Amino acid sequence: MAHKITSKCTACGTCLPECPVECISEGNIYVINADACIDCGACANVCPVDAIVAE
Ligand code: SF4
Ligand code: SF4
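Since this is a predicted model, take the numbers as computed values, not measurements.

Caption draft 1: Layout of the site of ligand 1. If you check the shell around ligand 1, you find 14 residues, and the closest are His3, Cys19, Cys37, Cys40 and Cys43. For the shell around ligand 1, the per-class residue count stands at 10 nonpolar, two polar and two charged.

So this is what it looks like as structure tokens:
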């Protein structure tokens, strides 16, 4: 289990500082390192376009 950023991401950057384990990377769309994600949901809670999903 990990959270994943979908193609809806607008690269706004809001989620980046919220991750307690710093597993989100910048890019054309942002990316979560699934091996490091602890599934806390903090990023999903702040994403303005609901681009982050739990899978
Ligand atoms: S669910 Fe938590 S640990 Fe996983 S990427 Fe989002 S903020 Fe980071
Ligand atoms: S908060 Fe949402 S739209 Fe903004 S960079 Fe993160 S995943 Fe992308």
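And the narrative resumes.
Caption draft 2: Here's a closer look at the site of ligand 2. The immediate surroundings of ligand 2 are formed by 13 residues, with Cys9, Cys12, Thr14, Cys15 and Cys47 found nearest. In the shell around ligand 2, the residues fall into 10 nonpolar, three polar and no charged.

Caption draft 3: Molecular detail of the nonpolar core. Listed in full, the eight residues of the largest apolar core are Ile5, Cys15, Ile24, Tyr30, Cys43, Cys47, Ala51 and Ile52. Ignoring any residue separated from it by four or fewer positions in sequence, one finds Cys15 in contact with Ile24, Tyr30, Cys43, Val46, Cys47 and Ile52.

Criteria and cut-off values
Residues numbered from 1 in each chain as written. Chains lettered and ligands numbered in written order. Predicted model: local features only at pLDDT ≥ 70, side-chain atom pairs only at ≥ 80, totals over all residues. Near = placed C-beta within 6 Å. Nonpolar A, V, L, I, M, F, W, Y, C, P; charged D, E, K, R; others polar. Core = buried A, V, L, I, M, F, W, Y, C linked by C-beta atoms within 7 Å. Buried ≥ 20, exposed ≤ 12 C-beta atoms within 10 Å, placed from the backbone. Contact = placed C-beta atoms within 7 Å.

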